[in-house]
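Structure assessment
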Amino acid sequence: MMSCRIANRTRATLVQGTTLGIAAGLLMLGSSVDARTVESSGANSAGSATATQQAGAAQQSNSASGFQQWVNNFRPYALSHGISAATFERAFRNARLQTSILNLSRSQPEFVRPVWEYLDTAVSDTRVSKGKQMLAQHRADFNRAQQRYGVPPEIIVAIWGMESNYGANFGNYPTIDALATIGYNGRREAWAKSELLEALKIIQNGDIDHDQMRGSWAGAMGNTQFMPSSFNSYAVDGDGDGRRDIWGSIPDVIASTANYLKANGWHAGEPWGVEVSLPQGFNYSLADGKQQRAVSAWQQLGVRATSGGALPSLEGAALLLPAGAKGPAFLVGHNFRTILRYNNSTSYALGVSLLAQRVAGQAGVQASWPRSQKPLSRTEIKQLQQQLTAMGYDAGGADGIVGPGTRDAVRQFQRAHGQPADGFISQEIKRQVDAAR
Ligand SMILES: [Ca+2]
């Protein structure tokens, strides 16, 4: 539920980072192509299609009168879908075009942060200690949620930390304004109208007053950044006051987040995964984060827990090397994929998992990240894609965005040149491809 919900997230990339709260939203819309692009999504996801994809074609509209006209046109749609005139008037009485959103959504960063830089922020010592503090402070609520939903406290607190820095930054845009602005702007109008209708239902239901319904510029709301549609599907009343309040009630925040994960398939008692080490000569093409095997099969292939203990029980275990063969390796299971349902970015799910591990008092990542590897710019990625394509490796186009097609083409190149086929995009692979032309 980070703010980039407006972007479609399907393609989880390892390299992209996101930041939290509004900043994340901004970054995401701009860089939605990377990490959270895509087509499906978690409940939090906003819809689809990246804003950037459509930005070029969209007519920018930004006049207050045009905005008011859009709201007037939206009114009969809302009223024909169960919203009362009184709710509509109240919600839109002070609504206004948020021009800052129009400007923000156009940025397209040239560099994407490497996963280790993303994780430095996501799992900072400050965030770990604050997470421990929050865990202690709300222990009874976390325990209650664990009993009821089977999701451990450290996972819930980690999502809270990732989404809004434990409520310190969940965005201050009025959600009605944000979604109406996006709808009026036209790029994601159908999606924005649908979420706006869900937001009006929340107000009509009495969960929150319209002037307290705030969140990211992309419509993600409150402490754990639920989109209105996710709110209506998964938010629950944890403190028993009859309202679902993910803005002001921490018991509601905790219960809603746990309910979200349970409803999306969380397996009680199973860890997210484990850091592992791989044997010499390992076939890195198995490590794409998608190929699932029984833990015993990975064991036979020489995969070992870095801690030295036995590999844990994991349903559908897959091997993940976020920074290629020279970085840490993780064996992840069903619950890792459930975290992806919250936000379909591998970096995000890894951030939640590692933050949870640290908050629970366990060690962080043991292996070193290849920090000397500088990321490629979008321009360089495009060049790499063009070069690979010219050499006969299908990179799926040359759009400057690293996706599965680009990684597959790199793996093919690596195999053809006797390299570990980890598919990792780096300056090093760029130099090798340059030299091979
Ligand atoms: Ca409540």
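Residues numbered from 1 in each chain as written. Predicted model: local features only at pLDDT ≥ 70, side-chain atom pairs only at ≥ 80, totals over all residues.

Considerations on the overall build of the chain
What the chain contains, in helices and strands, is 19 helices and seven strands. Within the chain, the fraction of its 437 residues that count as buried is 54%. A separation of at least 24 residues holds for 72% of the contacts in the chain among residues at least 6 apart in sequence. (Helix = DSSP H or I, 4+ residues; strand = E, 2+ residues; numbered from the N terminus. Buried ≥ 20, exposed ≤ 12 C-beta atoms within 10 Å, placed from the backbone. Contact = placed C-beta atoms within 7 Å.)

Observations regarding helix α9 (residues 153–164)
Its twelve residues place the ends of α9 17 Å apart at the C-alpha level, agreeing with the 16 Å of an ideal helix rising 1.5 Å per residue. Judged by how many residues are buried, α9 sits mostly within the fold: twelve of twelve residues are covered. Among the residues of α9, those classed as buried are P153, E154, I155, I156, V157, A158, I159, W160, G161, M162, E163 and S164. Positive phi shows up at N165, right after α9, with a value of about 50°. (Expected span 1.5 Å × (residues − 1).)

Brief notes about the environment of Q291
Mapped onto the fold, Q291 is located in strand β4 (residues 288–293). Separated by 27 residues in the primary sequence, Q291 and A318 place their C-alpha atoms 5.6 Å from one another. Setting aside anything within four residues of it in sequence, one finds Q291 in contact with L286 and A318.

Here's the deal with the pairing of strand β6 (residues 317–320)
Burial of β6 is two-sided: the residues A317 and L319 facing one way and the residues A318 and L320 facing the other way are all buried. Note: β4 against β6, three bridges, orientation antiparallel. Paired with Q292 across the strands is A318, a residue of β6. Two elements, β6 and strand β7 (residues 329–332), share three bridges in a ladder whose sense is antiparallel. Bridging across to β7, A318 finds its partner in V332. (Pairing = 2+ DSSP bridges.)

Here's the deal with the sheet that holds β7
One open sheet holds the five strands; their spatial order is β4-β6-β7-β3-β5, and the pairing between them is antiparallel. The two strands at the open ends of the sheet, each matched to only one other strand, are β4 and β5 (304–305).

A few points about the confidence of the model for the chain
Across the chain, pLDDT averages 87, with 85% of residues at or above 70. Contacts for the low-pLDDT stretch residues 1–60, under 50 throughout, to residues beyond four places or in other chains number 218 contacts. (pLDDT = per-residue confidence, 0-100.)

Brief notes about the packing of helix α4 (residues 85–92) against helix α11 (residues 189–205)
Following both chains from N to C, one finds α4 and α11 inclined at 105°, their axes separated by 10 Å at the closest point. The angle between α4 and α11 places the two elements in the roughly perpendicular class. Of α11, the residues touching α4 (which contributes T87, F88 and A91) are L200, I203 and Q204. Of the residues belonging to the contact of α4 with α11, the class tally is four nonpolar, two polar and no charged. (Axes fitted to C-alpha atoms, helices over the stretch in contact; angles between N-to-C directions. Parallel < 35°, antiparallel > 145°, perpendicular 65-115°, else oblique. Nonpolar A, V, L, I, M, F, W, Y, C, P; charged D, E, K, R; others polar.)

Looking at the packing of helix α3 (residues 64–79) against α4
The interhelical angle for the contact between α3 and α4, taken along N-to-C directions, is 145°, at an axis separation of 10 Å. Once α3 is placed against α4, the crossing between them reads as right-handed. Residues V71, R75, A78 and L79 of α3 pack against A85, F88 and F92 of α4. Looking at the contact of α3 with α4 residue by residue, the class counts come to six nonpolar, no polar and one charged. (Left-handed = near helix turned anticlockwise from the far one by under 90°.)

Quick word on unusual backbone geometry
Of note in this structure, N165 is not a glycine but carries a positive phi near 50°. For N165, the position within the fold is in the loop between α9 and β1 (173–174). Residue N165 is classed as partly exposed on the basis of its C-beta count, with 18 C-beta atoms lying within 10 Å. Not every positive phi belongs to a glycine, and Q225 is a case in point at roughly 55°. Secondary-structure assignment places Q225 in the loop between β2 (214–215) and α12 (228–234).

Looking at the environment of R304
Its place among the elements puts R304 in strand β5. Measuring from C-alpha to C-alpha, the distance between R304 and L331 comes to 9.4 Å, with 27 residues separating the pair along the chain. Excluding anything up to four places from it in sequence, R304 contacts V276 and S277.

Examining the environment of N143
Of note, N143 is situated in helix α8 (residues 139–149). Look at N143 and you get partly exposed, because 13 C-beta atoms sit within 10 Å. For the pair N143 and P153, spaced ten residues apart in the sequence, the C-alpha separation amounts to 6.7 Å.

As for α11
Taking 1.5 Å per residue as the helical rise, α11 with its 17 residues ought to reach 24 Å, and the 24 Å between its terminal C-alpha atoms agrees with that figure. Along α11, the residues that are buried comprise W191, A192, K193, E195, L196, E198, A199, L200, I202 and I203. As for α11, its buried residues are in contact with α3, α4, α10 (175–185) and α12. After α11 finishes, the residue G206 shows a positive phi value of roughly 85°.

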